[in-house]
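What the coordinates show
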Amino acid sequence: MSLTDIKSLDTDELGSLLLEMGEPSYRAKQIFVWLQSGVTSFDEMTNISKDLRKRLGEISYIAGAEIYRKFESRLDETVKYVFRLYDGEFIETVLMKYKHGYSICISTQVGCNMGCRFCASGLFGKTRDLTASEMLSQITAVQKDAGIRISNVVMMGMGEPLENFDNSVKFLKLVSSGDGLNIGLRHISLSTCGYVTGIDKLAAVDLPITLSVSLHAPFDDIRDKIMPVNKKWNIEALLAACKRYQQVTTRRISFEYALISGVNDNRVCAEQLAKITRGIMCHINLIPANPVIENSFSKPDDKTINNFKDLLISFGLTATVRRTLGADIEASCGQLRKKIREESNGAIIQ
Ligand code: SAH
């Protein structure tokens, strides 16, 4: 019999589990509060009888995330965590400090199947999906380690959250629960490479999160080259899904646009970006591309970046350039895991 992943259960599901064990269902809330507070063993649940703790341990497990490495930026207060999961897999999580509080960037899969050419996460494909509990554990472990409370979450780490739809939505429900971490859905962003069936499924759930769409190019020929997902759902199909999403949720969409030198940073691209996003209530988030050793992409110079932003604004769009945090600790997705995999394979690291 396989053990139940107890930290992925909501209070109703915990209630049913307890009833099956012949226990009163009111214990569900007590156990839920313990699990969501980040306990790593049943013995920490001091208001639960020893006998029940033992029986829970026989039928279930508490998914954890063990800190394997921690890198603290000397430039800002960004901290990058590499966690080791129960099966020896590594994931990355980034803690960022902003004026309004702490924000965390979590992973949703081990690796990624989407294969974006500029991204380090997809270099080895996807190993597996993360469970809702493993997404939560990234937050509870970081809060405990840093002694802080996280107020914002971005699902922008390793993985495509909409390819792991059920676990991602379960996570959103658990993390926003008043008896749990109580992080409001309005403080959470989910980023997708343009996984159209997932966008439609997400619209149907209608959660007040922010949907970020990694657009990165306004022409299919460019997007085809840098994002293989575009061959399945091209820009037209993606933007149609964004419009459907907006009709249902009435939420503003955030388009991510990684500026890559000589690829998507010219005036024609800015004009086309303004043209294709017309009619969508949106914000354009410009990200200077982070160089990854395996590819030859680089970010444009500051002047080109600012020109691109000003052009978009002159076309009536709202656009900002994302501040680069943790530049000295390889804080962008997948970069560290790649290094650590190489290390454990005995490769030489500089
Ligand atoms: N799969 C999701 C979420 C993970 S990636 C998605 O594609 O949106 C999070 C964001 O980082 C995406 O916008 C992604 O395109 C971007 N990104 C990945 N590698 C990058 C790099 N080297 N430079 C700049 N942005 C990058």
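Below you will find a few notes about this structure. (Residues numbered from 1 in each chain as written. Predicted model: local features only at pLDDT ≥ 70, side-chain atom pairs only at ≥ 80, totals over all residues. Heavy atoms only, no water.)

A word on the overall build of the protein chain. Helix and strand content of the protein chain: 12 helices and 14 strands. Its C-alpha radius of gyration of 21 Å places the protein chain within 12% of the 20 Å reference for a compact globule of 350 residues. Over its C-alpha atoms, taken along the principal directions, the protein chain stretches across nearly 70 × 50 × 40 Å. Across the 350 residues of the protein chain, 54% fall into the buried class. Within the protein chain, contacts between residues separated by at least 24 positions form 66% of all contacts whose residues are at least 6 apart in sequence. (Helix = DSSP H or I, 4+ residues; strand = E, 2+ residues; numbered from the N terminus. Rg over C-alpha atoms; globule rule 2.2 N^0.38 Å. Buried < 20%, exposed > 50% of the residue type's maximum accessible area, 1.4 Å probe, protein only. Contact = heavy atoms within 4.5 Å.)

Our focus in this paragraph is helix α4 (residues 132-146). Helix length check: α4, at 15 residues, gives a terminal C-alpha distance of 22 Å against a target of 21 Å (1.5 Å per residue), a fit within 8%. Within α4, 12 of the 15 residues are buried, leaving the element largely enclosed by the surrounding structure. At the exit of α4 stands Gly147, carrying a positive phi of roughly 65 degrees. (Expected span 1.5 Å × (residues − 1).)

Looking now at the pairing of strand β5 (residues 90-98). The element β5 is extensively covered by neighbouring structure, given that 7 of its 9 residues are classed as buried. Pairing geometry for strand β4 (residues 79-84) and β5, over 6 bridges, is antiparallel. By the bridge assignment, Val79 is partnered in β5 with Leu95. Counted between consecutive antiparallel strands, the loop separating β4 from β5 contains 5 residues, among which Gly88 sits at a positive phi close to 85 degrees. Alignment of β5 against strand β6 (residues 101-105), held across 5 bridges, turns out to be antiparallel. (Pairing = 2+ DSSP bridges.)

Turning next to unusual backbone geometry. With phi around 55 degrees, Asn182 is a residue other than glycine that occupies positive phi space. For Asn182, the position within the fold is in the loop between α5 (165-175) and β10 (188-192). Here the phi dihedral of Thr250 falls at roughly 55 degrees; this positive angle occurs in a residue that is not glycine. Inspection of the secondary structure assignment puts Thr250 in the loop between α9 (235-249) and β12 (253-259). A relative accessible area of 58% places Thr250 in the exposed class.

What follows is about the sheet that holds strand β14 (residues 319-321). Taken in spatial order, the 10 strands of this open sheet run β3-β4-β5-β6-β9-β10-β11-β12-β13-β14, and their pairing is mixed. Single-partner strands in this sheet number two, and they are β3 (66-72) and β14. With strand direction ignored, the average angle separating the axes of adjacent strands in the sheet is 25 degrees. In the sheet, β3 pairs with β4 via 6 bridges, with the strands oriented antiparallel. Pairing of Arg69 across the sheet is with Val82, part of β4. The sheet strands contacting α9 are β11 (210-214) and β12, and the helix crosses β12 at an angle near 150 degrees. (Axes fitted to C-alpha atoms, helices over the stretch in contact; angles between N-to-C directions.)

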